[in-house]
Amino acid sequence: MAQILDRAAKDAKPVAQLSHQHPFSEDDAYAIQKLSIEQRFERGEKLIGLKMGFTSRAKMEQMGVHDLIWGRLTDDMLISAGGDTPFGKYIHPRAEPEICFRVAKTIDKPLTLEACKAYIDAVAPATEIIDSRYENFKFSLEDVVADNCSSTGFVVGEWQSPEIDLSDLKIELIIDGETVQSGNSNAILGNPWESVMEASRCCNKYGQTIPAGSYLMAGAATSAVYLEPGQRVRTIVEKLGEVDFSLV
Ligand code: OOG
Ligand code: MG
């Protein structure tokens, strides 16, 4: 299964939902995710961060999955701020506006909310590109976890002080100058810092640390939007600024 998903991602060719052929557990799904990402490491990709998913009601309702999930981010997925990414790399990409944390000290245990501040040294506006390897972007919780939570691309704006209050910030996704999604940072588990705490717990359960220097994506504040070639995609987060990229 890990090989099927890795190949689907590499070739940008969708596959049928794996759970329909062989049901598997959530623990199995994280084991498949790990094996699949190890194939990327064998090709020379590096782990540069982690992401949380389904941290907002908007995302859970859009995708019909109601549990927190987490996935791994590699250097191949990072798009430079203001840069380009080729549409041909994707199957059916969608963008979602996020907030990204920078990990200052390796997170190697479940943290309390109060403890999280000491592990983070910056925050930034960000956009994630998700691109499910499953046909029609349809999956169960186990399917999407095995598929590294649809992780495919992400772009991060200029780092800002982690002292900025992240509650109640307006977050917008803008495509070619038009606001296509508008949300609030409180949609992310009540406050995006909760996502750092949940990441520490979820990763620890599966023996994954979050190394110093990692990007940690908090999860989308709004639903995701399908992308088309040629579009310019921007996320604006109140008080944190903006970041954009183009699909070429
Ligand atoms: C799964 C990834 C969810 C988020 O921010 O909630 C996610 C998907 O929707 O395909 O990245
Ligand atoms: Mg996301």
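Data block above holds the structure.
Residues numbered from 1 in each chain as written. Chains lettered and ligands numbered in written order. Predicted model: local features only at pLDDT ≥ 70, side-chain atom pairs only at ≥ 80, totals over all residues. Heavy atoms only, no water.

A. Seen up close, the sheet that holds strand β4 (residues 84-85). Read across the open sheet, the 5 strands follow the order β4-β13-β12-β8-β9; overall the sheet is mixed. Strand pairing shows two members of the sheet lacking a second neighbour, β4 and β9 (178-184), which therefore form its edges. Of the pairings in the sheet, the one linking β4 to strand β13 (residues 241-247) comprises 2 bridges and is parallel in character. In the sheet register, D84 faces β13, and the bridge partner there is S246. (Pairing = 2+ DSSP bridges. Helix = DSSP H or I, 4+ residues; strand = E, 2+ residues; numbered from the N terminus.)

B. Broad picture of the side chain of T55. Examined against the element boundaries, T55 turns out to sit in the loop between β1 (47-53) and α4 (57-63). Here A218 takes part through its backbone oxygen, which lies 2.9 Å from a polar atom of the side chain of T55. Other than its neighbours up to four places away in sequence, T55 contacts L68, A187, I188, L189, S195, A218, G219 and A220. (Polar contact = N/O pair within 3.5 Å; in protein donor to acceptor, adjacent residues only side chain to side chain. Contact = heavy atoms within 4.5 Å.)

C. Broad picture of the packing of aromatic side chains. Throughout the structure, instances matching the rule amount to 8 aromatic pairs. Residues F137 and F139 carry aromatic rings whose centres are separated by 6.4 Å and whose planes lie at 55° to one another, so their mutual orientation is tilted. The pair formed by F137 and F139 is uniform in burial state, with each residue classed as buried. What links up through ring pairs into an aromatic cluster is the set Y30, W70 and Y206. The side chain of K105 reaches across the aromatic face of Y119, ending 4.5 Å from its centre. (Phe/Tyr/Trp six-rings, centres within 6.5 Å; stacked < 30°, edge-to-face > 60°. Buried < 20%, exposed > 50% of the residue type's maximum accessible area, 1.4 Å probe, protein only. Lys NZ or Arg CZ within 6 Å of the ring centre and 35° of its normal.)

That is the geometry; function is a separate question.
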